[in-house]
Amino acid sequence: MKKRRITLRARLTLVYGSLFLSAGIVLLGVTYMLFDQQLGRGGELDVHSDSSGGTATRQDTSLDNRNWVESEQKRLNDAATASLITQGGIALVVVTGAAAGFGWLIAGRVLAPLHRVTETARRIAAAPAADRGLHERIALDSRDDEVKDLADTFDLMVERLDRSFDGQRRFVANASHELRTPLTVGRALVELAMHRKSASPDVKQLGENLLEINDRHERLITGLLLLAGSENHVPEPQPVDLADVVAHVAAQSSPEAERAGIVLHAAAGPAPTTGDALLLERLVQNLVENGVRHNIGAGGWVRVVSRRREDDQVQIEVSNTGPEVPPYEIPSLFEPFRRLGTERLVTAKGAGLGLSIVRSITHAHGGSVTAHPRPAGGLTFTVTLPQDPEGN
């Protein structure tokens with residue numbers, strides 16, 4: 001449960017009202033003391049007997065009159081004091097309420113530019129991709145004060161981020177063209193030389209080696225470009241059942257697993273989600289390929305499972321046999337170009353980007369990926385994604 005917070009505007013209003021109320025109570029107390037002191041000084045009655053020496057009856061009458069006057073005086077003083085406290089308290093409450101209301105309005109006007117900064121930052125943060133929404137600016141048009149300095153600094157920061165993302169997009173687009181073109185041309189030239197009738201066996205063997213190297217470079221470039229783009233967002237998410245993805249990837253990866261002497265098990269349970277089918281296929285394929293290549297060889301196995309959880313999420317779990325992996329090395333597996341060493345590889349086709357791409361695609365789909373070592377050796381990777389709310 002989210003803890004309810006008190007807004008800055010409400011806190012400022014409470015401070016204004018509390019200060020005004022405290023000052024009013026002090027003022028009312030001082031007024032009461034001065035008023036009571038003034039009443040105590042006045043109204044003293046001095047009744048004297050006449051010069052001829054009055055009788056006892058007249059003395060008693062004078063004493064009664066004095067007592068009545070003093071009683072009336074005390075009654076009037078008490079009434080005046082009670083009226084001062086009651087009426088002053090009511091007036092203090094009314095004026096304090098009015099002061100708090102004016103404080104609320106003034107605080108709202110003072111904090112309005114901050115609300116504008118917050119709303120703009122929230123819209124940028126809620127954009128479907130990190131590079132979307134950066135074109136927005138606060139452009140605060142107000143007096144030159146601290147709030148305007150904050151808004152202008154925020155605009156400058158967003159502008160620099162926007163330029164940085166634009167440069168990244170241009171770089172990815174240019175790299176995709178400049179890096180793929182020579183590899184495509186090189187592949188065509190090698191294949192042309194290999195398929196000549198006059199090509200010797202040595203030329204054909206050299207061509208196969210060059211094609212293998214070229215293929216590895218193509219996979220490396222594809223992985224780099226995918227890593228650069230997949231962490232941003234999924235442009236048009238569509239319903240995808242991970243069961244279909246798991247079954248398709250298992251069928252594609254079976255030949256490689258068989259050549260390595262590894263048994264590939266697939267349990268494709270219903271797991272509806274939303275996203276990009278090609279990216280999700282790449283995610284599962286990278287996990288399966290990682291399980292095949294980092295294995296014990298003949299007699300090993302890889303198991304890939306898709307399932308639906310009870311908390312409106314779906315999972316893909318890929319586990320494999322293999323050498324023991326220290327727990328402290330697991331976080332580094334998701335970093336680009338980080339591998340545990342070639343001695344752990346059954347095949348040497350990896351470029352150290354597979355798990356980095358898995359993490360990027362997972363984050364782009366709003367999910368999480370974890371890994372933990374198996375007691376008997378090998379690893380278990382678990383990818384958790386949001387479930388398609390309309391999936392059956």
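Note that the structure is predicted; figures quoted are calculated from it, not measured. Sequence positions are assigned chain by chain, starting from 1 and proceeding in written order. Selection of residues for local features in this predicted model requires a pLDDT of at least 70, selection of side-chain atom pairs for listing and counting requires 80 or more, and totals for whole chains, interfaces and linings are taken over all residues. Side-chain calculation: all heavy atoms of the structure are included, whereas hydrogens and water are not.

(A) Seen up close, the overall build of the protein chain. Regarding its fold elements, the protein chain presents 8 helices and 7 strands. Only protein chains enter the area calculation, which uses a 1.4 Å probe; residues under 20% of their type maximum are buried, those over 50% are exposed, and those in between are partly exposed. Here the protein chain holds 392 residues, and 33% of them are scored as buried. Contacts between residues were defined by any pair of non-hydrogen atoms, one from each residue, lying within 4.5 Å. Partitioning the intrachain contacts of the protein chain with sequence separation of at least 6 by distance along the chain shows that 71% fall at a separation of at least 24. About 24400 Å² of surface is accessible on the protein chain, with carbon and sulfur atoms providing 58% of the total. Under the scheme used here, helices are H or I runs from DSSP no shorter than 4 residues and strands are E runs no shorter than 2 residues, and both carry numbers assigned from the N terminus. Note on areas: Shrake-Rupley with a 1.4 Å probe; residue coverage comes only from the protein chains shown.

(B) Structural view of the environment of threonine 274. Tracing the backbone shows threonine 274 in strand 3 (residues 272-275). For threonine 274, a relative accessible area of 33% corresponds to the partly exposed category. In the structure, threonine 274 is positioned 38 residues away from glutamate 236 in sequence and 9.4 Å away in space, judged by C-alpha atoms. When residues no more than four places from it in sequence are discounted, the contact partners of threonine 274 are Pro237, Gln238, Pro239, Val240, His365 and Asp388.

(C) Spotlight on the side chain of lysine 148. Here lysine 148 is to be found in helix 3 (residues 146-194). On the basis of relative accessible area, lysine 148 is assigned to the buried category, the value being 19%. In contact with lysine 148, other than residues within four places in its own chain, are Leu140, Ser142 and Arg143.

(D) Quick peek at the sheet that holds strand 6 (residues 368-373). Two strands qualify as a pair provided that DSSP identifies no fewer than 2 bridges between them. One open sheet accounts for 5 strands, arranged 2-4-5-7-6; its pairing is mixed. With partners counted over all chains shown, the strands left at the sheet margins are strand 2 (263-268) and strand 6, one partner each. The sheet shows a mean angle of 10 degrees between the axes of neighbouring strands, direction not considered. Relative to strand 5 (residues 313-320), strand 4 (residues 301-308) runs antiparallel, the two sharing 7 bridges. Bridging from a neighbouring strand, arginine 308 pairs with valine 314 of strand 5. Together, strand 2, strand 4, strand 5 and strand 7 (379-386) form the strand contacts of helix 5 (residues 242-259), whose direction differs from that of strand 2 by roughly 170 degrees. Axis angles are defined between N-to-C directions and span 0 to 180 degrees, where every axis is a line fitted to C-alpha atoms and, for a helix, only to the segment in contact.

(E) Up close: the pairing of strand 4. When strand 2 meets strand 4, the two strands line up parallel, connected through 6 bridges. What sits directly across from leucine 264, in strand 4, is valine 302. Here strand 4 folds back onto strand 5, and the loop between the two strands holds 4 residues, one of which, aspartate 312, carries a positive phi near 60 degrees.

(F) Just the nonpolar core, in detail. Residues enter a nonpolar core if they are buried and are Ala, Val, Leu, Ile, Met, Phe, Trp, Tyr or Cys, with the set joined through side-chain atoms within 4.5 Å. Counting residues in hydrophobic clusters, the biggest one holds 38 residues, and the most contacted among them are Leu283, Val284, Leu287, Ile316 and Val383. Contributions of two or more residues to this core are made by helix 5, helix 6 (277-293), strand 4, strand 5, helix 7 (330-333), helix 8 (354-364), strand 6 and strand 7. Of the residues forming this core, the biggest block, 7 residues, is contributed by helix 6. Within the second largest apolar cluster, 10 residues are counted, among which are Val117, Ile138, Ala151 and Phe154.

(G) Focus on the environment of tyrosine 32. You can see tyrosine 32 is positioned in helix 1 (residues 8-41). Residues tyrosine 32 and isoleucine 85 lie 53 residues apart in sequence; the distance between their C-alpha atoms is 7.5 Å. Ignoring anything within four residues of it in the chain, the contact list for tyrosine 32 reads Thr81, Leu84 and Ile85.

(H) Up close: the packing of helix 6 against helix 8. Relative orientation of the contacting elements helix 6 and helix 8 amounts to 145 degrees, with a least axis distance of 9 Å. Crossing of helix 6 against helix 8: the hand is left-handed. Contacts between helix 6 and helix 8 pair Leu279, Leu280, Arg282, Leu283, Asn286, Leu287 and Asn290 from the former with Gly354, Leu355, Ile357, Val358, Ile361 and Thr362 from the latter. For this classification, Asp, Glu, Lys and Arg are treated as charged, while Ala, Val, Leu, Ile, Met, Phe, Trp, Tyr, Cys and Pro are nonpolar and the rest, including Gly, are polar. Its residues assigned to classes, the contact of helix 6 with helix 8 shows 8 nonpolar, 4 polar and 1 charged. Left-handed describes a crossing whose near helix is turned anticlockwise from the far helix by less than a right angle; the clockwise case is right-handed.

(I) Geometry of the pattern of salt bridges. Definition used for salt bridges: Asp or Glu carboxyl oxygen within 4 Å of a side-chain nitrogen of Lys or Arg. What the rule picks out here adds up to 9 salt bridges. Between arginine 187 and aspartate 215 there is a salt bridge whose closest N-O contact spans 3.8 Å. With arginine 187 in helix 3 and aspartate 215 in helix 4 (residues 201-230), the pair connects residues that are 28 residues apart, well separated along the chain. By relative accessible area, which is 22% here, arginine 187 ends up partly exposed. Looking at aspartate 215, the relative accessible area reads 29%, which means it is partly exposed.

(J) Geometry of unusual backbone geometry. Phi is positive for aspartate 312, which is not a glycine, with a value near 60 degrees. As for its placement among the helices and strands, aspartate 312 is situated in the loop between strand 4 and strand 5. Assessed through its relative accessible area of 59%, aspartate 312 is described here as exposed.

(K) Spatial organisation of the packing of aromatic side chains. What counts as a ring pair is set by centres within 6.5 Å for rings of Phe, Tyr and Trp (its six-membered ring), and what kind of pair is set by the plane angle: stacked under 30 degrees, edge-to-face over 60, tilted for all other angles. In this structure the tally under the stated criterion is 1 aromatic pair. With a centroid separation of 6.1 Å and 80 degrees between ring planes, the pair formed by phenylalanine 334 and phenylalanine 381 is classed as edge-to-face. Within this pair, whereas phenylalanine 334 is found in the loop between helix 7 and helix 8, its partner phenylalanine 381 is found in strand 7, the two being separated by 47 residues in sequence. Neither phenylalanine 334 nor phenylalanine 381 differs from the other in exposure class; each is buried. Looking at arginine 303, its charged tip hangs above the ring of tryptophan 301, at a distance of 4.5 Å from the centre. Any Lys NZ or Arg CZ that is within 6 Å of a ring centre and within 35 degrees of that ring's normal is treated as a charge sitting over the ring.

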